[in-house]
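Okay, here's what each chain looks like letter by letter:
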Amino acid sequence: MRQRVLLAAVCGVLLAVAACGGEKPKAPAPTTPAKPPPAAPEPVLFDPPGRFQSSGQRLAKAPRRADDFGAPQVAAVLIDQSVVYVDGATLAGRDVVSGDEEWVTNMPGVSSAEASVVTTPVLFEGRVYVAAAITITGSTRVTGYRAISLAALDPQTGAVIWSATIDAIPGDPVQDVRLVGVTLDSIVVDTSTTTYVVDAQTRRTRWKVQYFEPTVVDGTVVAGQLGDEATETRTSTVGLRLTDGVQLWKSETPLQQGRSFPLGPGLMGVQGREFTSADAYFDFVDPVTGASRYSGDPADLRAFESCWFDARTTVVCSGTATTPVVVGYNASDLREIWQLPVGERRAPRVTAAWHGAVYGLLSDKPTTLDGRTGAIRGTNAGAAPELVNEYAGVSAASGSLTLFLAVG
């Protein structure tokens, strides 16, 4: 009891001293709220771009196809502010404005030791579709064999949404795999000898055909060049029904190793040489019906070697028969709207067309033209990309996939 009284007295003295001039307890310092990090600048978009940074960012080595004379492929797809591209056995996503890598994903079933690379990606309904040649390892009971790996990815994260293995027919070496097109119910994949049409829901082969080079998937039809024999020296342009492979139409003019390419909905270009006369051949064709879409003189088109659709209203074609020529057409009715050369103006070597602009090289200098008039928009364009959107362009001309940021 005495100890408790003494302790209380001591405590009272201490409190009195503190109240009569001793050190007062310090009040806590006011806290300053942390400043939020500076907001990232809004990316600048140009629709369409007229100029690009001349110093591009290397993304990866550009793959090459043996049947394309070793020309590097633009194995990439631009999706708003991102680019998804192939880097050997992997796919990667990168922010085109900051240049930051966002993700890297290994292609399912592909070993980095394999010589084959992933095919050029295809964007459809918010997903990125890819394919590659793979080897299924054998065992003591089963012989190893070649097959096709097929996958759908989320372009924002690189996550594999689904993957499937497509067995090849016996004897198909499965080289130079191409993912030709995707619809709601069909995925068209081509190898060096065989085309496989895969059901998009079950991921199983619906039908297959040999000696066919598909190039255009339009609605319910896949169109391209069908070889008369394994050598494919004599080809005909045909349209096959996606559901069962039934031939819906066939061109009347056989070609010497003809080729075709898409030019937007309801239009494809067919180029080559007539098999019997070896005369140059070019036509604009409806891939659904096989009918010619060009009402003018077919001889006017013979010099063309390649065409581009600007994803809006214009088709641009070029050729180099005697002197380089470039012609702009109204996409809806294929009416000619401009032509180069004219006067002292020469035609550039076209690399791309997008949203009313044409990109190319004039005297080896990157140049941009107005897609509706052919007028020069700029002779100091910085780059001549082969793939364009409102943020950037991508080129494979140097042998590397190179990203060029749009700056004007």
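### Brief notes about the state of the cysteines
Throughout the structure, instances matching the rule amount to one disulfide. The side chain of cysteine 307 participates in a disulfide bridge whose partner is cysteine 317; the two sulfur atoms lie 2.0 Å from each other. One quick way to see it: the torsion about the S-S bond of cysteine 307 and cysteine 317 is about 105°, and its sign makes the bridge right-handed. Pair noted here: cysteine 307 is in strand β22 (residues 306–309) and cysteine 317 is in strand β23 (residues 314–319), with a separation of 10 residues, a long-range link. For cysteine 307, a relative accessible area of 8% gives the class buried. Under the relative-accessibility criterion, cysteine 317 is labelled buried at 0%.

### Topic: the nonpolar core
Formed by 33 residues in total, the largest nonpolar core has its most connected members in Val83, Tyr85, Leu91, Met107 and Val130. Secondary-structure elements contributing two or more residues to this core are β1 (57–61), β2 (76–79), β3 (82–87), β4 (90–95), β7 (127–136), β8 (145–153), β31 (392–395) and β32 (400–405). Look past the residues within four positions of methionine 107 in its chain and what remains in contact with it is Ala89, Thr90, Leu91, Val118, Val130, Ala131, Ala132, Ser149, Leu150 and Ala151. Listed in part, the 21 residues of the second largest apolar core include Tyr129, Ile187, Val189 and Tyr196.

### Overview of the sheet that holds strand β20 (residues 268–273)
Strands pair in a sheet through their backbones, by hydrogen bonds, and they do so in one of two ways: parallel or antiparallel. The antiparallel open sheet is built from three strands, whose spatial order is β19-β20-β21. The strands lining the two open edges of the sheet, one partner per strand, are β19 (259–262) and β21 (280–285). On average, each strand axis in the sheet is tilted by 15° relative to the strand beside it, whichever way the strands run. Inspection of the sheet shows β19 paired to β20 by four bridges, in the antiparallel sense. Paired with serine 260 across the bridge in β20 is valine 270.

### Regarding the pattern of salt bridges
Any two side chains of opposite charge can pair, on the condition that their charged atoms come close. Summed over all chains, the structure comprises seven salt bridges. Between glutamate 101 and arginine 94 there is a salt bridge whose closest N-O contact spans 3.6 Å. The exposure class of glutamate 101 is partly exposed, given its relative accessible area of 45%. Note on arginine 94: relative accessible area 10%, which makes it buried.

### Some points on the side chain of aspartate 190
As for its position among the elements, aspartate 190 is in strand β11 (residues 186–190). Only 2.8 Å separates the side chain of aspartate 190 from the side chain of threonine 195, close enough to count as a polar contact. Those residues in contact with aspartate 190 that sit more than four places away from it in its chain are Asp176, Val177, Arg178, Val180, Thr195, Phe212 and Pro214.

### Considering the sheet that holds β2
A sheet is described by the order of its strands in space; here four strands give the open sequence β2-β3-β4-β5, paired in antiparallel fashion. The outermost strands of the open sheet, each flanked by one partner alone, are β2 and β5 (101–106). Taking the axes of each pair of neighbouring strands and ignoring which way they run, one obtains an average angle of 15° across the sheet. In the sheet, β2 pairs with β3 via four bridges, with the strands oriented antiparallel. When the sheet's bridge partners are listed, leucine 78 is paired in β3 with valine 83.

Conventions used here
Residues numbered from 1 in each chain as written. Predicted model: local features only at pLDDT ≥ 70, side-chain atom pairs only at ≥ 80, totals over all residues. Heavy atoms only, no water. Disulfide = S-S within 2.5 Å. Helix = DSSP H or I, 4+ residues; strand = E, 2+ residues; numbered from the N terminus. Buried < 20%, exposed > 50% of the residue type's maximum accessible area, 1.4 Å probe, protein only. Core = buried A, V, L, I, M, F, W, Y, C linked by side-chain atoms within 4.5 Å. Contact = heavy atoms within 4.5 Å. Pairing = 2+ DSSP bridges. Axes fitted to C-alpha atoms, helices over the stretch in contact; angles between N-to-C directions. Salt bridge = Lys/Arg side-chain N within 4 Å of Asp/Glu carboxyl O. Polar contact = N/O pair within 3.5 Å; in protein donor to acceptor, adjacent residues only side chain to side chain.

Without other data, these values stay purely geometric and don't point to any function.
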